[in-house]
Structures are given as C-alpha cells and as structure tokens.
Amino acid sequence: MPTYPYSSSEPVNTDISQSSTSSTSSKNTAISEQNILVKPWIPPSTYAFPILDQNKKRKLKFQHQWFNSYNWLVYSELKNGVFCKFCLVFATTGGVGQQKLGALTNKAFTNWKNAKEKFNEHASFDYHNMSVTKAEGFLSIYSNKTPSIITALDNDRDKLIPIIECILLCGYQEIPLRGSFDFGPINFKNSTHNEGNFRAILKYKAKDCEFLKSHLESDTRSKYLSPQIQNEIITICGDILIKKLVDKVNESKCFSVMADETTDVSVSEQLTICVRYLSVTGSNIEINEDFLKFYEISSLTGKDLASSILNGLNSCGLDCDFLYGQGYDGAANMAGQFKGAQTIIRSKHPKALYVHCAAHSLNLAVSSAFINNGDWEPKVKTLKRLCMTRWVQRYDAINDFIELFPCVTTALSNISEWNDSSSTDANIMLKAIDSEFLVSLQVIKVLFSVALPLCKQLQRKNIDLKEMVNLASTSMTVLENLRKNVENEFKKMFKEAQRMAEIVGIEISTKRIINRQKNRSNYLSSNNSLSPEDYFRVSICIPFIESFISQINERFLVHQNIFKGFQCLFDDTNSKDIKDFESLVSFYIPEVDTVTTNCELQIWKQKLKGLVTNKNEMLPSNALDAIRCCDPIIFPNIFMLLNILCCLPVSTSTPERSFSSLKRIKTYLRNSMKEDRLNGLVLLSYYRNVVITPDEVLNEMAKKPRKIDLVL
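From a predicted model like this one, the values you see are computed outputs, not experimental measurements. (Residues numbered from 1 in each chain as written. Predicted model: local features only at pLDDT ≥ 70, side-chain atom pairs only at ≥ 80, totals over all residues. Heavy atoms only, no water.)

**Q** Just to check I follow, could you spell out the overall build of the protein for this structure?
**A** Along the backbone of the protein there are 27 helices and 7 strands. Per-residue burial over the protein gives 46% buried out of 712 residues. For the protein, long-range pairs separated by at least 24 residues make up 69% of all intrachain contacts whose partners lie at least 6 apart in sequence. (Helix = DSSP H or I, 4+ residues; strand = E, 2+ residues; numbered from the N terminus. Buried < 20%, exposed > 50% of the residue type's maximum accessible area, 1.4 Å probe, protein only. Contact = heavy atoms within 4.5 Å.)

As structure tokens, then:
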C-alpha cells in the first residue's frame, strides 16, 4: 500500500487505487492502513464526477450522496470508480462461491446503472462483514483502546513459559502427560476425573502463581493446553536437541551410523538410528555415541532398511558425505554381501565400511549362557530371565541359578508332587539334571568367565577397533593356555560338578558305551574303560574349548582385517604392514593425500619413538590416545585416519540401549503415540542433561507459520 500522510489536517488527495487491493503487505506501515480506513480522500460536494460513456443517453455518473448512504465507499480519480475501503485492506478471499474478489475490492466499480443494488449486495457478503470487524479491531489497537499486539504477545509468552516448563519436566522424567479428561478448562475444585499428569502439575504450580491460576481459570480460548500444542512443544524440543547433536556431528566431518530394529508395544517395527563420532572441545577429545531417532518401518528387506537409514539421517540434517562407517548385527538383511542394507548404502557411500557388532560376534561365538562359580550362602533371592540383547545380564542370570541351585532343586521336587500339570514339567526338569548337564555347566562356567571381561569392555562407548582386537587376542591367549593345561583345569571343574551332584543325590557317571554310537559321544580307551573324569574331559571339555577358540578366531577375523591398515599408526618401527597402510590410504583418497601421508607417517613414527625414549611413555594403546597427541595442523592426514578409526563402530550397544527408553515411554497405555511425539519424548529422556530453555522453544514456535489472525 502507499504511505498516506497522517496528521490532524484534512486528508491529502492521494488516490486510493494506488494501494494494494489484495492484502496488507508487511512492507507498509500501520499508519498508511489507518489513513485508508479513517482519512481517505473524499471529493467535495462540488466535485464534477465524469460521465464514463458519452454515447449513453442517460449519461450516468457517480452520486455524491452515496458517500452518506454507504460510509465504506471511497472514490478513485485515476480509475474513475469506487472501492470498499474495508475490503480493500482486509479482504483476501471469499467472493461469491469462494470466487476471486472483483469489483469494490480488487478493481474499481463503475456500473452506475446498478450501483445501489450492487452496494446493498456487497454489504451483505460475509467477507465484507469480516473485513469490517477486522478494521474495528485494528483501529481500536491504534487508538489505545486495547493493548498492542506486542503487549498481547508478551502476555502470551508469560502464559506459555510455565506450560513449556511443565512439558519439559514430564519429558525429562518420562512422566505421561495425557489423562482421561485432558480438555476444557482446568477445575481447581475437587474433581472426580483423571485430568492427567500435565494438568495436575500445572494446577499444583498455579497454587503459588496467581498469574498462571487466573489464566487457567479464565474463559479465554487460547490456554495453550490442548494435545496439539503439547505435541508441537514436544516436537520442537526434539528438533532443538537434534540440531545440537547434528551440529556437533557435521562439525566433526566424520561419523558412523549404527542401527537396530525392534517391535514396540503396538506391534510396529521401529528402527533406531544412532551415530558415533569424535567431538573436540578445546583440549578435550571424546568418542560419542548418540541416539538420533526412531524410524517406523513397514518392510525388513535390505533395500527398505537402507532407504530408511539414509532417509532418517537426511531428515535429521546430517551430511552423509561424512559417513565413514556402519555398525549392525549379523542378520542377512543388514549384513548381506549382495542385498544387505550395508551393501546398498556402500553403493552410494563407498567409504562407509561395515563393521559387524563385536558384541554380537562374541555372543555367537559362545553359548547362550554365561555362568560363574557360586557358593552356598546366597546373595540373591530370585532368578533372572535370559535377556536377548544384554549379554552381561545373561551372566548374572546363570550366576544366580548356580548360587540358588539347592533352592531350585528343592522347589522342583515340591512342585513335582502337586496334583496338576506343573508337576509333570517339574519332574522332567529334575530328570534333566544329570551328570552330563552338571559337568557341562562347570565347563561353561570357566570358559565363559574368560570371555566376561571382553563382553563388558565391548559395551563401552569409547572403545575402538584397536583396543577391541587387543582384548580379543588376550582372551584367545588365555583360552589357548587353558587348552594346554586342560587336565589340571578340568580336575577343578569336575570337583565342582560332584559337589552339585551331591545336592540332587546323584553320582557323576558315564553313559552306556557301545562299539557303535551315532547320537552321542562314544569315546573308548584301549581297555574299553574310562573314568568319568577322563570321559567328560575328552567328550565335553576339550571339544568345547577348541570350538570356542575356533569360533572367536573366525568371527573376529573380519575386525582384524579392517584394522590391518591402521596398525602402522601405532608402531614406532618400520612395520612390515606398510602395504596394508598404502592400501588404506588409497581407499580414502581424496580425503587423504598419498604423497604427504607417507611423509607424515615417517614423522609420526619419530614422534612415537620420542614419546617412548624421552618421556618414558607407552605407545598409544588405542585410537583415542593416539589422536590426543596428534596435532591436526602438523599431521592432517594422520589425524583424519585416526578420526575415521575412532568413528568405526565396535558394537551396537547404544542402539540397543535406546530400546529401554522406547519400552518405558511407549507403554501399553500409550500405544497410540505418533512418531513425532515419541521421538521428542525419547530425546528429552535420553538427553536430560542437555539444557533446553523455554525461550529456545518459544523462539522456534515463533518461526513456525501460525493459523492465528493477529488482527482479531
């Protein structure tokens, strides 16, 4: 709109047709709108209105008296016609049958023959009446009869602050917000209905806040308590947290994605997406593994999983050009060499190496149970279930079983005497506790206790491939020594098995042996007799140890092959693995330069020698220690390679930890929760140490388009 001069004098003859007739542009001032509405140019009574068509016999023209009959009319000299001043400013849509606006609004009216009929018809239109209402509200603000828009928005801000704080509290503490009757005004008297935790906390907070109480008790419509507002605030909180995380990941310019899948309480398939990256804050360098979001999927094929992972990363704002690693379990749809998700992602991002979860590898290499030595003075009172994902908890479960073994056998004996179907199951379990079972239990106890430290270490976030390979090699050495001294070690296992046999009242003995045996072990000595100790050592202990060693070798071989090229970075001598290092450098071109990297490597080795010789320090034991003493300015290529090594995932423990949050938040009573609300609440719970202020939430709300007419 044009800028109309505004003063107490008579209106200046600035033609109304020069204004924008479609909407109130934000580029123009409120003063110009007020002039159009209050002080438009009105021709004097002596003004000679032109006759538009000289050929007409009647020679019709505009009548000045129409200004008195229709106070919304304004005349345009340029167009020789009239407009409705209210619709000119405020009407945007709403013609007859939602047609485009025409005469009196977007163009001048000049049909003087039917003028009064058209004026009366226009005055009856809904969009005209709405424009009049808007004009009255607009003018009342600028005549100081009502608070300004800024003041009104400030008041709304004060109302929103405690509401946002309440939602943040519920999110941090994993408290459900909704209730059976969480709509309408809040009742501060005794209510028989469950209004939900959110409204209950607000009522409690309002006891000490008169402003909040008056707002909640008022009859105004905009209380900001509806589920839609809750969802918007929760989603904004999640977006703020994601942005803070993604900014750190993109700043590191190197990350790996980790993903796993589970079924939630509503039987929906949820794909959890996490990232592993290196964060540098001043002199502090850390490896971070952060949860990003849950992504609901409908298909578990490798192609669809790969698309979901990439779409999830892109929706969070991550730059996939910095994707250097993938970490999943060993399922075919994830790890397949032809149609697995990792293969499809590598076809788009070739540098994204796939690393099989080392914790899954260890779990597959061993049996489905961890046990440990137990003595009879039980420290626990109940048995635990075997967890499908947390291997350390499996150790606890079987350790408790060993410790409570006398109680278990007594309970089974009592149940077997019951007069129902449970007695049959209990009797079968009692009979299954035979010599072979007890000896196997003791063998597994010793062997799995060797793997337990490695299992615990694989759950750490800051472990890298070098440290993992070293720990696996140490465990292998212990197992090989156990195999060499199997006779002495098995004597201890056999004694423990005999002690447990006494509890159930049996004697350790061998099964019947014949010359030809197909379905179980059939070990014969020269005189066709073996003692029970010798028999079980040969038939159970030795095969299990050798199988365990073979499985670990096989399953950890892939990790050793990935680490081969990086080995030179931790050796201060002229390593024989220089060819593997050259292959590694060529793989990461152009991120690293071949010529300068070889020169940097020689200087880096001299630096490592200096650490050992001059400072009496040890060589870096892992990538994190190495990168802390690597100056990115002096060794940019070495720093990049160490950064990649730090980011390559070792296990998928972090994705599986997020399943715990999912189970706590999306419960049986909250099973209809949508994805945006779910991710917002999970992020608030997962990152409760990350501070979000209500002002941050308000600023993000202000950026979103609002379906609120501020003029009203």
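**Q** Would you explain the side chain of Asn637 in this entry?
**A** Here Asn637 is to be found in helix H24 (residues 636-647). Judged by its relative accessible area of 9%, Asn637 falls in the buried class. Reaching out from Asn637, the side chain makes a polar contact with the side chain of Thr596 at a distance of 3.0 Å. For Asn637, the contacting residues outside a window of four places in its chain are Glu591, Val592, Asp593, Thr596, Thr597 and Glu600. (Polar contact = N/O pair within 3.5 Å; in protein donor to acceptor, adjacent residues only side chain to side chain.)

**Q** What exactly am I supposed to notice about the environment of Met258 here?
**A** Mapped onto the elements of the fold, Met258 is located in strand S3 (residues 255-263). The spatial distance from the C-alpha of Met258 to the C-alpha of Thr272 is 8.2 Å, given a sequence separation of 14 residues. Dropping the residues within four chain positions of it, Met258 is found in contact with Thr272, Ile273, Cys274, Val275, Arg276, Glu289, Gly327, Pro649, Ser651, Thr654 and Pro655.

**Q** I tried to follow the sheet that holds S3 on my own but got confused; where do I start?
**A** The strand order across the open sheet formed by 5 strands is S5-S4-S3-S6-S7, and the pairing between neighbours is mixed. Two strands close off the open sheet at either side, each with one partner strand: strand S5 (284-297) and strand S7 (353-356). Taken pair by pair, the neighbouring strands of this sheet meet at an average axis angle of 25°, ignoring direction. Examined bridge by bridge, strand S6 (residues 323-328) and S7 share 4 bridges and lie parallel to one another. Across the sheet, the residue bridging to Gly327 is Val355, located in S7. Seen against the sheet, helix H12 (residues 341-348) touches S6 and S7 and runs at an angle of roughly 175° to S6. Docked against the sheet, helix H26 (residues 675-686) engages strand S4 (269-281) and S5, running at close to 155° with respect to S5. (Pairing = 2+ DSSP bridges. Axes fitted to C-alpha atoms, helices over the stretch in contact; angles between N-to-C directions.)

**Q** What's the story with unusual backbone geometry in this structure? I'm lost.
**A** Leaving glycine aside, a negative phi is the common case for residues, and trans is the common case for peptide bonds. Along the chain, Ile589 connects to Pro590 via a cis peptide bond; the corresponding omega equals 10°. Mapped onto the elements, Pro590 comes out in the loop between helix H21 (578-587) and helix H22 (594-613). We note that Leu104 has phi near 75°; this positive angle belongs to a residue other than glycine. Accessibility expressed as a relative area gives 3% for Leu104, which makes it buried. In the Ramachandran plot, Val267 falls in the positive-phi region, its phi being about 60° despite a non-glycine side chain. Among the secondary structure elements, Val267 is positioned in the loop between S3 and S4.

**Q** So what exactly am I meant to see when it comes to a nonpolar patch on the surface here?
**A** Residues Val265, Tyr668 and Leu669 make up a contiguous nonpolar surface patch of roughly 390 Å² in combined accessible area. Look at Leu669 and you get exposed, because its relative accessible area is 77%. (Patch = residues over 30% accessible without salt bridge, like charges linked within 9 Å, V, L, I, M, F, W, Y side chains within 5 Å. Areas by Shrake-Rupley, 256 points an atom, 1.4 Å probe, with all protein chains shown as cover. Salt bridge = Lys/Arg side-chain N within 4 Å of Asp/Glu carboxyl O.)

**Q** How should I be thinking about the packing of helix H15 (residues 405-415) against helix H19 (residues 486-504) in this particular structure?
**A** Between two packed helices, both the angle of their axes relative to each other and the distance between the axes serve to describe the pair. Viewed as axis vectors pointing N to C, H15 and H19 meet at an angle of 30°, and their least axial separation amounts to 10 Å. Classified by the angle their axes make, H15 and H19 are roughly parallel. Like other packed secondary-structure pairs, H15 and H19 cross with a definite hand, here right-handed. Across from Phe405, Pro406 and Thr409 in H15, the residues of H19 making contact are Met500, Ile503 and Val504. Taken together, the residues of the contact of H15 with H19 sort by class into 5 nonpolar, 1 polar and no charged. (Parallel < 35°, antiparallel > 145°, perpendicular 65-115°, else oblique. Left-handed = near helix turned anticlockwise from the far one by under 90°. Nonpolar A, V, L, I, M, F, W, Y, C, P; charged D, E, K, R; others polar.)

**Q** Help me understand the pairing of S3 in this model?
**A** One face of the sheet, then the other: side chains in a regular strand alternate in exactly this way. The element S3 is extensively covered by neighbouring structure, given that 7 of its 9 residues are classed as buried. In this sheet, S4 lies alongside S3 in antiparallel orientation, the contact comprising 9 bridges. Opposite Asp260, over in S4, you have Thr272 as the bridge partner. Hairpin connection of S3 to S4: 5 residues between the antiparallel strands, including Val267 at a positive phi of 60°.

**Q** Help me understand the side chain of Gln270, please; the structure alone is not making it clear to me.
**A** Here Gln270 is to be found in strand S4. Apart from the residues lying within four places of it in its own chain, the contact partners of Gln270 are Asp260, Glu261, Thr262, Asp264, Phe294, Tyr295, Glu296, Leu662, Lys666, Glu675 and Leu678.

**Q** Sorry if this is basic, but what is going on with the nonpolar core here?
**A** Within soluble globular proteins, side chains that are nonpolar tend to cluster in buried spots. Ranked by internal contacts, the top residues of the largest apolar core, which has 79 residues, are Phe566 and Leu569. The greatest single-element share of this core, amounting to 12 residues, is contributed by helix H20 (residues 532-563). If we skip the residues at most four places from it in the chain, Phe566 touches Leu584, Tyr588, Leu641, Ile644, Leu645 and Leu648. Among the nonpolar cores identified, the runner-up in size contains 73 residues, and Val246, Leu310, Met673 and Leu681 belong to it. (Core = buried A, V, L, I, M, F, W, Y, C linked by side-chain atoms within 4.5 Å.)

**Q** Can you help me understand helix H9 (residues 227-252) in this one?
**A** Note: α-helices contain 3.6 residues per turn, so residues at a spacing of three or four share the same orientation. With 26 residues, H9 should reach 38 Å at 1.5 Å per residue; the first-to-last C-alpha distance of 38 Å fits that figure. Note on H9: the residue one or two positions beyond its end, Lys253, has a positive phi of about 60°. (Expected span 1.5 Å × (residues − 1).)

**Q** What is the right way to read the packing of aromatic side chains from this model?
**A** The geometry of two aromatic rings is summed up by the distance between their centres and the angle between their planes. Overall, the coordinates contain 25 aromatic pairs when judged by the stated rule. Judged by centre distance (5.5 Å) and plane angle (40°), the rings of Phe291 and Tyr686 are tilted. Of this pair, Phe291 sits in strand S5 while Tyr686 sits in helix H26, and the two are 395 residues apart along the sequence. A centroid spacing of 5.5 Å and a plane angle of 75° characterise the contact between Trp604 and Phe635, whose relative ring orientation is edge-to-face. Remark: Phe635 occurs in the loop between helix H23 (623-628) and H24 and Trp604 occurs in helix H22; sequence separation between them is 31 residues. Grouping residues by exposure puts Trp604 and Phe635 together as buried. (Phe/Tyr/Trp six-rings, centres within 6.5 Å; stacked < 30°, edge-to-face > 60°.)

**Q** Looking at this structure, I do not really get the pairing of strand S1 (residues 73-76). What am I missing?
**A** Burial of S1 is two-sided: the residues Leu73 and Tyr75 facing one way and the residues Val74 and Ser76 facing the other way are all buried. Pairing geometry for S1 and strand S2 (residues 81-84), over 4 bridges, is antiparallel. Pairing of Ser76 across the sheet is with Gly81, part of S2. What sits between S1 and S2 in their antiparallel hairpin is a turn of 4 residues, with Asn80 showing a positive phi close to 55°.

Function-wise, these values are silent; they only describe arrangement.
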